2 protein chains.
Amino acid sequence: MHRGCVITVGELGEFGVISRITGRLSQSPAVLLGPGDDAAVLTAPDGRVVVTTDVLIEGRHFRRDWSSGYDIGRKSAAQNLADIAAMGAEPTSLVVGLGLPADTAIEWLDALTDGFRDECALAGTGVAGGDIARSEIVMIGVTALGDLGGRPPVTRSGARPGHIVAVAGRLGYAAAGLALLRAGLASGAVPASEGVPGTGDAPGEGAGGSGGLPPGLVALVDAHRRPRPPYAQGPEAAGLGATAMLDVSDGLLQDLGHVAAASGVGIRLDPAALPIPEIFAEAAGVLGDEVDPLDWVLTGGDDHALAAAFPPDVRLPPEWTPIGEVTAGEGVQITGHPTMSGGWDHFRG
Amino acid sequence: MHRGCVITVGELGEFGVISRITGRLSQSPAVLLGPGDDAAVLTAPDGRVVVTTDVLIEGRHFRRDWSSGYDIGRKSAAQNLADIAAMGAEPTSLVVGLGLPADTAIEWLDALTDGFRDECALAGTGVAGGDIARSEIVMIGVTALGDLGGRPPVTRSGARPGHIVAVAGRLGYAAAGLALLRAGLASGAVPASEGVPGTGDAPGEGAGGSGGLPPGLVALVDAHRRPRPPYAQGPEAAGLGATAMLDVSDGLLQDLGHVAAASGVGIRLDPAALPIPEIFAEAAGVLGDEVDPLDWVLTGGDDHALAAAFPPDVRLPPEWTPIGEVTAGEGVQITGHPTMSGGWDHFRG
């Protein structure tokens, strides 16, 4: 092929693509047998295995003009790894099914692969296998496995009246970033070559794709592109005796509503305790009068914070912010506010 | 809603759809925590877990006018469960990611769900969880987990010169059925209500969708719609000391080529030993002079037979048919024939 030509996955062929992908990946320490056979084999030292799966579809969960391949890989891995953490488990591997258009540039796939690899590394794991097929649009099926290390899984149903509700990780950042993208105030995917550092979201990392936004707002756009779930806080919460936990993927109100329903309790949030960073006011100012940053915190998905209930005598580490308490009622209330609800329905939203 | 109206997944909404699906499923005995939380929890008594994933895309892996939702569910489950069997493992669960158009009739989704449930039941397992999202076409990401029961995994790399090569299950049936469908000699998906028996492919089961074909040929079309992997023969082969194994998904020649390459050996097939059922001659006759049934056996994918190498002193049970031997050479040869190759590349095919 000519120097400078874009090589596509169609030109490389199925086995060439698979070999290209596996060559860029790092192995999870739990992998006993990696890619290249009918199936992978992993350690499951606990004698149980935690498993979760998500499907991400171009135009619905991501846009290639808003997020680079690297960012899409990071985000796709992150949302599954967060589900493992939300059970109180440590991830042991990811497997990934990819549908790709034949004209996808191999460089884009490389970036996607690197994003998966780097996000997995942040959570102490790697991609153990996958499958690839031709598709008209990009479609990503991600399955994550995890190990409970002898702890009971932290489900959604153990919250009891009097328990403390606390969150770890960020709330509303991704929603604020998405609002900036939707308003056309930031646009363009970060080129793969600028997104490679696997250490998180250094300010300005995504500046190349955010059209001259102030650095603080760029960080919000980056939060949409690359969520930062607090992986270590999942097993930590389990160790502290958390009675219910989930990751906030559809919005705090909606997701805590799931905890309330599954536990047969109510949850009352203290609005003064909800963390609303100052940068949200700046973002709201840029977007206009209609915007209330509290909405981002209460209904914004995609940051993959962890929300958990703890017995009242638990001393919470600093990563956990108490935001309310479990009551004998039902649903989620906010002190001083009328009943609210909101969130994301994948068929209606 | 009015009686007689088609209810769509868009009308039911994400949580309605999930509830509808989970209500139709049977639980795998390995499931400790099923659908409804961030992740499922399964037993992994072996201390290791086998995992495999596949992505199936409408128009590429299945057609809704050629296969019913029920058949697509059966087939999607089967190809992953066969991968678990090919490692010598027993399946412990499936997780399924679904992309669905909003106008998908809920009845079609019910049939798909039933297909997953029934195929899993044939393999002694069930669906433990999943995810659902809106998509322009149907996309199915399936991940299967399995347990090795203390046995070593049977990889592709252990075949040694002098070993016997044998197959269990069907070869070429699905390819013959696909040829009939492509020739327009059979068409139309089997309605969900006719496909419900979970006991396999009783002759005529699919007759409603095969346009008056003779029963023998209908069985071939059904084989394309619902493969019958020999699940029990995977762990059986492992117990007998199989040194290499895989499931035939891209064609016998191509797949045995993977075993030869991974093991650093050659494989010589005895054409007289290859099972070519009489019905293939009838199908070839209907299709015309160009068709050689041996091609279906050698290059047809999608039946998910198991192919394995065994030490020469192993007494093979009747489900296993010896078809050749491992040699000191390389590649796959057929005694008396020039070197052949063939199979399926998902980007080039």
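Note that the structure is a prediction, hence the values are computed from the model and not measured.

A. Local environment of the overall build of chain A. Check the secondary structure of chain A and you find 9 helices and 12 strands. Counting every position in chain A, which comprises 349 residues, the buried fraction comes to 59%. Of all intrachain contacts in chain A linking residues separated by at least 6 positions in sequence, the fraction that spans at least 24 positions is 85%. With the model as given, the accessible surface of chain A reaches about 12,500 Å², and the carbon-plus-sulfur share is 52%.

B. Structural view of the environment of Leu-81 of chain B. By secondary structure assignment, the location of Leu-81 of chain B is in helix α2 (residues 69–86). In sequence terms Leu-81 of chain B and Ser-93 of chain B are 12 residues apart; their C-alpha atoms lie 9.0 Å from each other.

C. Structural detail: the relation of the copies chain A and chain B. Superposing chain A onto chain B requires a rotation of 180° together with a translation of 0.0 Å along the rotation axis, leaving an RMSD of 0.0 Å. The superposition of one copy onto the other is thereby described by a two-fold rotation axis. Of the interface residues in chain A, 99% have counterparts in chain B that sit at the interface too, so the contact is made through matching surfaces.

D. Quick peek at the interface of chain A and chain B. The partner chain B presents 69 residues to the 68 residues of chain A that form the contact. A combined buried area of about 5,200 Å² lies between chain A and chain B, and 63% of that area is made up of carbon and sulfur atoms. For the pair chain A and chain B, the interface holds 4 salt bridges. A salt bridge links Arg-156 of chain A to Asp-37 of chain B; the shortest N-O distance between them is 3.6 Å.

E. Local environment of the UniProt feature "binding site: Mg(2+) 4" (unreviewed entry) in chain A. Per the UniProt record, the feature "binding site: Mg(2+) 4" (unreviewed entry) sits at Asp-38, Thr-52 and Asp-83 of chain A. We classify Thr-52 of chain A as buried; its relative accessible area is 5%. Beyond its immediate sequence surroundings of up to four residues, Thr-52 of chain A is in contact with Asn-80, Asp-83, Ile-84, Val-142, Thr-143 and Ala-144 of chain A together with Asp-38 and Ala-39 of chain B. A polar contact is formed between the side chain of Thr-52 of chain A and the side chain of Asp-83 of chain A, at a distance of 3.5 Å. Within the secondary structure layout, Asp-83 of chain A lies in helix α2 (residues 69–86). Those residues in contact with Asp-83 of chain A that lie beyond four places of it in its chain are Thr-52, Asp-54 and Asp-247 of chain A together with Asp-38 and Ala-39 of chain B.

F. Spotlight on the nonpolar core. Core analysis: the largest hydrophobic core is formed by 44 residues, its most contacted members being Leu-252, Leu-256 and Leu-269 of chain A. Here this core takes 6 residues from helix α4 (residues 173–182) of chain A, the largest share from any one element. Residue contacts for Leu-252 of chain A: discarding those within four places in its chain leaves Val-167, Leu-171, Leu-269, Leu-274, Val-297, Leu-298, Gly-300, Ala-307 and Ile-323 of chain A. Within the second largest apolar cluster, 43 residues are counted, among which are Leu-178, Leu-252, Leu-274 and Val-326 of chain B.

G. Local environment of the packing of helix α5 (residues 215–225) of chain A against helix α8 (residues 278–287) of chain A. Residue and element names in this part refer to chain A. As a packed pair, α5 and α8 sit with axes 10 Å apart at the nearest point and diverge in direction by 90°. The angle between the axes of α5 and α8 places the two elements in the roughly perpendicular class. Packed against α5, whose contacting residues are Gly-216, Leu-217 and Leu-220, the element α8 presents Ile-279, Phe-280, Glu-282, Ala-283 and Val-286 at the interface. Split by residue class, the contact of α5 with α8 holds 6 nonpolar, 1 polar and 1 charged.

H. Geometry of the pattern of salt bridges. All names here are of chain A. Taken as a whole and assessed by the stated rule, the structure comprises 28 salt bridges over all chains. Residue Arg-63 is joined to Asp-65 by a salt bridge in which the shortest nitrogen-to-oxygen separation is 2.8 Å. Exposure remark for Arg-63: the relative accessible area of 34% places this residue in the partly exposed category. In this structure, Arg-226 engages Asp-71 in a salt bridge whose closest nitrogen and oxygen atoms are separated by 2.5 Å. Linking Arg-226 in the loop between α5 and α6 (233–240) with Asp-71 in helix α2, this pair joins segments that are 155 residues apart in sequence. Judged by its relative accessible area of 0%, Arg-226 falls in the buried class. We classify Asp-71 as buried; its relative accessible area is 0%. Overlapping salt bridges bring together Arg-20, Arg-24, Asp-110, Asp-114, Arg-117 and Asp-118 as one network.

I. Inspection of the sheet that holds strand β11 (residues 321–327) of chain B at higher detail. All names here are of chain B. Spatially, β8-β10-β7-β11-β9-β12 is the arrangement adopted by the 6 strands of the open sheet, whose pairing is mixed. Each edge of the sheet is formed by a strand with only one pairing partner; in this case those strands are β8 (244–248) and β12 (331–334). When the angles between neighbouring strand axes are averaged without regard to direction, this sheet yields 25°. Taken together, the 4 bridges between strand β9 (residues 266–269) and β12 define a ladder with parallel strand orientation. Looking at the pairing, Leu-269 lines up with Ile-334 of β12. Against the sheet, α2 touches β8 and β10 (305–310), its axis set at about 170° to β8. Lying over the sheet, helix α7 (residues 252–263) contacts β7 (164–168), β8, β9, β10, β11 and β12, oriented at roughly 155° with respect to β8.

J. Local environment of the packing of aromatic side chains. All names here are of chain A. Applying the stated criterion to the full structure yields 6 aromatic pairs over all chains. Between Phe-280 and Trp-296, the ring centres sit 5.6 Å apart and the planes meet at 85°, which makes this aromatic pair edge-to-face. Here Phe-280 is found in helix α8, whereas its partner Trp-296 is found in helix α9 (residues 293–299), with 16 residues between them in sequence. Assigned by exposure class, Phe-280 and Trp-296 land together as buried. Every member of this aromatic cluster is reached through a ring pair, and the members are Tyr-173, Phe-280 and Trp-296. Taking the ring centre of Trp-108 as reference, the NZ or CZ of Arg-64 above it sits at 5.4 Å.

K. How the structure looks around unusual backbone geometry. Of note in the backbone geometry, Asp-302 of chain A takes a positive phi value of approximately 80° without being a glycine. Mapped onto the secondary structure, Asp-302 of chain A falls in the loop between α9 and β10 (305–310).

L. Just the sheet that holds strand β2 (residues 40–43) of chain B, in detail. Reading across the sheet, the 6 strands line up as β5(A)-β4(A)-β6(A)-β3(A)-β2(B)-β1(B) and stay open at both edges, with mixed pairing between neighbours. Two strands in the sheet have a free side with no partner beyond their single neighbour: β5 (127–134) of chain A together with β1 (31–33) of chain B. Between one strand and the next, the sheet's axes are offset by a mean angle of 25°, whatever the strand orientation. α2 of chain A rests against β3 (48–57), β4 (90–100) and β6 (139–147) of chain A of the sheet, and its axis sits at about 145° to β3 of chain A. Of the strands in this sheet, β4, β5 and β6 of chain A are in contact with helix α3 (residues 106–122) of chain A, which crosses β4 of chain A at around 165°.

M. Inspection of the packing of helix α1 (residues 9–24) of chain A against α3 of chain A at higher detail. Residue and element names in this part refer to chain A. It is at 11 Å that the axes of α1 and α3 come closest, and there the two elements cross at 25°. Judged by the angle between their axes, α1 and α3 are roughly parallel. The handedness of the crossing between α1 and α3 comes out as right-handed. Listed contacts from α3 to Val-9, Leu-12, Val-17, Arg-20, Ile-21 and Arg-24 of α1 are Ile-106, Leu-109, Asp-110, Thr-113, Asp-114 and Arg-117. For the contact of α1 with α3, the residue count by class is 6 nonpolar, 1 polar and 5 charged.

Each value, and the rule that gives it
Residues numbered from 1 in each chain as written. Chains lettered and ligands numbered in written order. Predicted model: local features only at pLDDT ≥ 70, side-chain atom pairs only at ≥ 80, totals over all residues. Heavy atoms only, no water. Helix = DSSP H or I, 4+ residues; strand = E, 2+ residues; numbered from the N terminus. Buried < 20%, exposed > 50% of the residue type's maximum accessible area, 1.4 Å probe, protein only. Contact = heavy atoms within 4.5 Å. Areas by Shrake-Rupley, 256 points an atom, 1.4 Å probe, with all protein chains shown as cover. Least-squares fit on C-alpha atoms with pLDDT ≥ 70 in both. Buried area = accessible area lost by both parts, 1.4 Å probe. Salt bridge = Lys/Arg side-chain N within 4 Å of Asp/Glu carboxyl O. UniProt positions renumbered as here; feature names shortened; annotations may be inferred. Polar contact = N/O pair within 3.5 Å; in protein donor to acceptor, adjacent residues only side chain to side chain. Core = buried A, V, L, I, M, F, W, Y, C linked by side-chain atoms within 4.5 Å. Axes fitted to C-alpha atoms, helices over the stretch in contact; angles between N-to-C directions. Parallel < 35°, antiparallel > 145°, perpendicular 65-115°, else oblique. Nonpolar A, V, L, I, M, F, W, Y, C, P; charged D, E, K, R; others polar. Pairing = 2+ DSSP bridges. Phe/Tyr/Trp six-rings, centres within 6.5 Å; stacked < 30°, edge-to-face > 60°. Lys NZ or Arg CZ within 6 Å of the ring centre and 35° of its normal. Left-handed = near helix turned anticlockwise from the far one by under 90°.

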